[in-house]
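# Architecture at a glance
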Amino acid sequence: HALLVAERCAQHGHNVEQIVIQDEKLSYEGLGGLYGVGRAAEHPPALVVLSYLPPKSSRDQASTVWVGKGIVYDTGGLSLKSPTAMPGMKGDMGGAAAILAAFEAAVCGGWAQSPLHCVLCLAENAVGPRATRPDDIHILFSGKSVEINNTDAEGRLVLSDGMAYAVKYFNPAVIIDMATLTGAQGVATGVRHAAIYCNDDLLESAFIRAGKVTGDLVHPLPYCPEFFRSEFASKVADMKNSVKNRSNATSSCAGQFLGNHISEYLEQGGKWCHVDIAFPAEDGERATGYGVALLLQMLKEWHF
């Protein structure tokens, strides 16, 4: 679908560059989180990047990067979901779907301000002989090691690789990641408001405005890295992938796990917003398309 989007953009006269890193090449390139999550599936995992450079922009110019969680089906892996929790997990790619649709709309709609990158982290979290096990340790693209204590906390692993890849290659002025990441999001902000974990007050305010304009509503989570990093403490790796205390703002903690893998970028003043859309992305048994209008409006709200 991503490559079809690139073709449709080309039909409208907009050249979109494409990168596809798939299967064993993910491991070779150091994308250990994405590879580890998807390696047991029949269809191999992939990092797919679509990049649009408007005519008056340059390759080294600061860019906007959208990163999407694209778990095309989530069994939970060896930390298997229950029979009632698994149905509907075909929708665990809602974040990637939203940014892909927004990317096409932005490019074909005449976006001309700065480079725009769409990073899709695609995998199926399947069960099989090659599945990641609890106690395994993966080295992510950030170079940090992660002890797996819950294979059903997989979205943060694929997103962390995508975000770290974006930092290395795309000179981001702002990174926005979008994901159906945590069940706790619905407890924190409800079924209509996405939860945002954001390191910049102005960026956070822009998201709130964009949500009110579009109807893709958002509400901020506590952003306190110093309170959440310790939840991932490990004796054998840089961190675990799931929290110790499930009563301590787990949606914020999940966001902070992502932040751990772009820490240098953030320390140097980089802007980032994590958008957890677990509940707004669906209504009953159907997807809502949440996030497309929000991202497009953010292109108008946030200037750098």
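Shown above is the structure to which this text applies.
The paragraphs below set out a description of the structure included in this document. (Residues numbered from 1 in each chain as written. Predicted model: local features only at pLDDT ≥ 70, side-chain atom pairs only at ≥ 80, totals over all residues. Heavy atoms only, no water.)

## What to know about the environment of Tyr 265
Counted only if it meets this: Only DSSP runs of H or I with at least four residues qualify as helices, and only runs of E with at least two residues qualify as strands; both kinds are numbered from the N terminus onward. Whether two residues are in contact is decided by their heavy atoms: any pair within 4.5 Å suffices.
You can see Tyr 265 is positioned in helix α10 (residues 263-267). Sequence separation between Tyr 265 and Lys 168 is 97 residues; the distance between their C-alpha atoms is 9.4 Å. Not counting chain neighbours up to four residues away, the residues in contact with Tyr 265 comprise Val 167, Pro 172, Ala 173, Val 174, Ile 175, Gly 270 and Lys 271.

## With respect to the sheet that holds strand β6 (residues 145-147)
Counted only if it meets this: Here, strands pair whenever DSSP counts at least two bridges between them.
As summarised here, the arrangement of the three strands in space is β5-β6-β10, forming an open sheet in which the pairing is mixed. The open sheet is flanked by β5 (137-139) and β10 (239-240), the only strands paired with a single partner. Bridge count between β6 and β10: two bridges; the pairing is parallel. Among the inter-strand pairings, Glu 147 is bridged to a residue of β10, identified as Lys 240.

## Some points on the packing of aromatic side chains
Note the cut-off: Any Phe, Tyr or Trp ring, taking Trp's six-membered ring, that has another such ring centre within 6.5 Å forms a pair; planes under 30 degrees apart are called stacked, those over 60 apart edge-to-face, and the others tilted. Type-normalised accessible area, obtained with a 1.4 Å probe on protein chains alone, sets the label of each residue: buried when under 20%, exposed when over 50%, and partly exposed for intermediate values.
All chains considered together, the criterion is met by eight aromatic pairs. Ring geometry for Tyr 165 against Phe 170: centres 5.9 Å apart, planes inclined by 70°, an arrangement best described as edge-to-face. Residue Tyr 165 shares its accessibility class with Phe 170, and that shared class is buried. Among the aromatic residues, ring-to-ring pairing joins Phe 141, Tyr 165, Tyr 169 and Phe 170 into one connected group.

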